[in-house]
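Structural characterization, general
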Amino acid sequence: MTIMPIVVTGATGQLGRLTVEALLRRGTPAADIIATGRDTAGIKDLADRGITVRRADFADTDGLAGAFAGADRLLLISASVPVGERVANHRRVIDAAASAGVSLVAYTSTTHADTATTVIGATHGETEAYLRDRGIPSVLLRNGWYLENYTGQLPQILQNGVVVGAAGDGRISAASRADYAEAAAVVLTTEGHTGAVYELGGDESFTLTELAAAISAAAGKQVTYADLPVAGLAEVLAAAGLPAELAEVLADADRGMNRGEMYTGSGDLRRLIGRPPVTLAEALAAALRH
């Protein structure tokens, strides 16, 4: 079966950009990729490489119809807007995809979205339910936490000698953005995924205590883990400059981690990409080199 144009939403973001690159590596012709984003100036270079670039604002129903015109498959990367606006935005994208007649919607959800108790998990669960209700052929890419969520904090962690969280002894199956993007590209370019629910994460889970130990080993500097109450973590994050709502959402995510909501032993990511995902140790070593 020939797959016609593939739409990647959020191509201006990190996961979207990596997915476009993964599609190209897998042999998808540039002419069969439609990269979309709110500000297309950030992806002008993709147009220079022969990829169709279209503006797609999740809040603009009419614009979405044009952005998805002629598409066969669509990757809906969950919106990075305030939590309260996410589900409505996702519904507009799903409606536009249905109107465009796409044959498959792949949605980047979160681990255990059907049972997750977190604020973030609830938005994914509602989006998954809407996809089912609309009856659009779909595949759920339940992405776990990003390794980059931790490697991106390395300068501050090493400066302070502490990993701060509220995850207790909860195990986290994190993986790299590039590996999640590779999995998305596989699903978009091969058959047999319709209706699948993939619980995606790294092969080697870790607690935040183990994260601190891994950073200590990689950097040669003692780092410890400070486990705070959820409200205390939100206060620390807000004091560090994060908007109050985002601080509360991230602290709530740690609460979910404590409950095992960011753990999966499925092996789905490894099977989809055909190799072991990048490990925590590998990600730390790469981050410390740069």
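In what follows, the accompanying structure is described. The structure displayed is predicted, hence computed values, not measured ones.

For the rest of this paragraph, the subject is helix 8 (residues 177-189). Between its first and last C-alpha atoms helix 8 spans 18 Å; for 13 residues at 1.5 Å apiece the expected length is 18 Å, and the two agree. Helix 8 sits mainly inside the fold: 11 of its 13 residues count as buried. Among the residues making up helix 8, those that are buried are Arg177, Asp179, Tyr180, Ala181, Glu182, Ala183, Ala184, Ala185, Val186, Val187 and Leu188.

What follows deals with helix 1 (residues 14-25). Count 3.6 residues to each turn of an α-helix, and residues three or four apart come out pointing the same way. Helix length check: helix 1, at 12 residues, gives a terminal C-alpha distance of 17 Å against a target of 16 Å (1.5 Å per residue), a fit within 8%. All buried positions along helix 1 are accounted for by Leu15, Gly16, Thr19, Val20, Ala22 and Leu23. Down the axis, helix 1 shows its buried residues gathered within 165° of arc, on one side only. In this structure, helix 1 carries Gln14 and Arg25 as exposed residues pointing more than 90 degrees from its buried face. One or two positions beyond helix 1, positive phi appears at Gly27, with a value near 95°.

On to the side chain of Asp254. Looking at the secondary structure, you find Asp254 in helix 11 (residues 244-258). With near-sequence residues (within four places) excluded, Asp254 lies in contact with Gly165, Ala166, Ala167, Leu208 and Leu233.

Strand order in the open sheet formed by 7 strands is 3-2-1-4-5-6-8, with parallel pairing between adjacent strands. Of all the strands in the sheet, just strand 3 (52-55) and strand 8 (197-200) have a single pairing partner and so form its edges. Ignoring which end each strand starts from, the neighbouring axes of this sheet average 20° apart. Note that strand 5 (residues 104-110) and strand 6 (residues 138-143) share 6 bridges and pair parallel. The partner of Ala106 across the bridge, within strand 6, is Val139. The strands that helix 4 (residues 83-100) touches are strand 4 (73-77) and strand 5; relative to strand 4, the one it contacts most, it runs at about 180°.

Let's shift gears to the pattern of salt bridges. What the rule picks out here adds up to 18 salt bridges. Note that Glu21 and Arg17 form a salt bridge whose closest N and O atoms lie 3.9 Å from each other. You can see Glu21 and its partner Arg17 sitting in helix 1, 4 residues apart, about one turn around the helix. Given a relative accessible area of 22%, Arg17 falls into the partly exposed group. Taken together, the shared-partner salt bridges connect Arg17, Glu21, Asp45 and Arg49 into one network.

Quick look at the packing of aromatic side chains now. Each aromatic ring pair is characterised by the separation of its centres together with the angle its planes make. Evaluated as defined, the whole model comprises 2 aromatic pairs. Between Tyr146 and Tyr180, the aromatic rings sit 5.7 Å apart at their centres with planes inclined by 55°, giving tilted as the arrangement. Separated by 34 residues along the polypeptide, Tyr146 in the loop between strand 6 and helix 6 (148-151) and Tyr180 in helix 8 bring together distant segments of the chain. Ring centres of Tyr150 and Phe206 lie 6.0 Å apart, and the angle between their planes is 70°; this geometry places the pair in the edge-to-face category. Highlighted residues: Tyr150 in helix 6 and Phe206 in the loop between strand 8 and helix 9 (208-219), separated in sequence by 56 residues. The burial state of Tyr150 is the same as that of Phe206; both residues are buried.

Let us look at the packing of helix 1 against helix 8. Between helix 1 and helix 8, whose axes approach to 8 Å, the crossing angle comes to 55°. In terms of their interaxial angle, helix 1 and helix 8 are classed as oblique. Between helix 1 and helix 8 lies a crossing of right-handed hand. Of the residues in helix 8, those touching helix 1 at Gln14, Leu15, Leu18, Thr19, Ala22, Leu23 and Arg25 are Arg177, Ala178, Tyr180, Ala181, Glu182, Ala184, Ala185, Leu188 and Thr189. When grouped by side-chain class, the residues that make up the contact of helix 1 with helix 8 number 10 nonpolar, 3 polar and 3 charged.

As a further point, take the nonpolar core. Counting 35 residues, the largest nonpolar core has Val20, Leu75, Leu141, Tyr198 and Leu200 as the members making the most contacts within it. Examining the composition of this core, we find that 8 residues originate from one element, helix 8, more than from any other. In this structure, Val20 is in contact with Val8, Ala11, Ile33, Ala35, Leu46 and Ile51, ignoring residues within four places of it in sequence. Among the nonpolar cores identified, the runner-up in size contains 26 residues, and Leu154, Ala167, Val223 and Val249 belong to it.

What counts as what
- Residues numbered from 1 in each chain as written.
- Predicted model: local features only at pLDDT ≥ 70, side-chain atom pairs only at ≥ 80, totals over all residues.
- Heavy atoms only, no water.
- Helix = DSSP H or I, 4+ residues; strand = E, 2+ residues; numbered from the N terminus.
- Expected span 1.5 Å × (residues − 1).
- Buried < 20%, exposed > 50% of the residue type's maximum accessible area, 1.4 Å probe, protein only.
- Arc of directions from axis to C-beta.
- Contact = heavy atoms within 4.5 Å.
- Pairing = 2+ DSSP bridges.
- Axes fitted to C-alpha atoms, helices over the stretch in contact; angles between N-to-C directions.
- Salt bridge = Lys/Arg side-chain N within 4 Å of Asp/Glu carboxyl O.
- Phe/Tyr/Trp six-rings, centres within 6.5 Å; stacked < 30°, edge-to-face > 60°.
- Parallel < 35°, antiparallel > 145°, perpendicular 65-115°, else oblique.
- Left-handed = near helix turned anticlockwise from the far one by under 90°.
- Nonpolar A, V, L, I, M, F, W, Y, C, P; charged D, E, K, R; others polar.
- Core = buried A, V, L, I, M, F, W, Y, C linked by side-chain atoms within 4.5 Å.

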